[in-house]
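# Architecture at a glance
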Amino acid sequence: MSSFYHKQHGEFSLMMNQDVVLTNAVGPWNLECIEQFGIDYATSVYSAKTTKWADIIMLQGESLLIPEAEKDLQVRIARAVETGLSHVAVVMCKSEVKTTAKLQMKRLYRNLPAELAFFDTVQDAIDWITEHGFRCEAPVIEAFFDDRP
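Numbering of residues starts from 1 in each chain and follows the order in which that chain's sequence is written. The model is predicted, so local features are restricted to residues of pLDDT at least 70 and side-chain atom pairs to those at 80 or more, both for listing and for counting; the totals for chains, interfaces and linings are taken over all residues. Just so you know, side-chain values use all the structure's heavy atoms and leave hydrogens and water out.

## Re the side chain of Asn-24
In plain terms, the rule: The helix count covers DSSP runs of H or I at least four residues long, the strand count covers runs of E at least two residues long, and both are numbered beginning at the N terminus. Each residue's exposure class comes from its accessible area (1.4 Å probe, protein chains only) as a fraction of the maximum for that residue type: buried when under 20%, exposed when over 50%, partly exposed otherwise. What qualifies as a polar contact is a pair of N or O atoms within 3.5 Å, subject to a donor-acceptor requirement within protein and to the restriction that residues adjacent in sequence count only when both atoms come from side chains.
Residue placement: Asn-24 occurs in strand E3 (residues 20-29). Asn-24 gets classed as buried once you look at its relative accessible area, which sits at 0%. Side chain to side chain, Asn-24 and Gln-60 meet in a polar contact 2.5 Å long.

Structure below.
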């Protein structure tokens, strides 16, 4: 399953490839965008009947969440971790807000038993995910992220 959402404040495309959920996100994000993301994410994971999975997230643009969206996403992430999300690879694209976005991502996963790591390339993220035992098809992942929203 692959989905794409675009609104004035935030857009994303999402797809599951074997044990890995791929998210291509262009910020900034508002609450409406995060709510739709949560629905699409849950639908992808639960329809795949996966009990343990990883995320590869590419952050682009002004990759920041407004406070309400951050609180909502924290709840959704905690739920995902409780049901099987264990590793999250974040690919940081060039951005004026890269440092702030990284701090916000760390805050989202703070106190959760999921491993969070940051990378400069998709290939590095794929390597890290596969080193941790997750199955994915690198050419499919690369093609997904090459076709950016």
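## Quick word on helix H4 (residues 122-131)
Formally: Here the arc refers to the directions that run from the helix axis out to each C-beta atom. By definition, residues are in contact when any of their heavy atoms lie within 4.5 Å.
Listed in full, the buried residues belonging to H4 are Val-122, Ala-125, Ile-126, Trp-128 and Ile-129. Buried positions in H4, seen along its axis, are confined to an arc of 165 degrees and lie on one side of it. Buried residues belonging to H4 abut E3, strand E4 (53-65), strand E5 (85-92), strand E6 (115-119) and helix H5 (138-146). Of the residues one or two after H4, Gly-133 is the one with positive phi, at around 90 degrees.

## Structural notes on helix H3 (residues 98-109)
Put simply, the test is: Each residue after the first adds 1.5 Å to the expected span of a helix.
The first and last C-alpha atoms of H3 sit 17 Å apart over 12 residues, in line with the 16 Å expected at 1.5 Å per residue. Here H3 has its buried residues at Ala-101, Gln-104, Met-105, Leu-108 and Tyr-109. One face of H3 carries all of its buried residues, which in axial projection span an arc of 130 degrees. For H3, the elements touching its buried residues are E4, helix H2 (67-83), E5 and E6. One or two steps after H3, the chain reaches Asn-111, where phi turns positive at roughly 65 degrees.

## Quick word on the packing of H4 against H5
In helix packing, the relevant descriptors are the interaxial angle and the interaxial distance, both defined with respect to the helix axes. What counts, and what does not: The axes used here are C-alpha line fits, helices contributing only the stretch in contact, and every angle between their N-to-C directions lies in the interval 0 to 180 degrees. Handedness of a crossing follows from how the near helix is turned relative to the far one, being left-handed for an anticlockwise turn of less than a right angle and right-handed for a clockwise one.
H5 packs onto H4 with a crossing angle of 145 degrees between their chain directions and a minimal axis gap of 10 Å. The hand of the H4/H5 crossing is right-handed. Of H5, the residues touching H4 (which contributes Val-122, Gln-123 and Ile-126) are Ala-138, Ile-141, Glu-142 and Phe-145.

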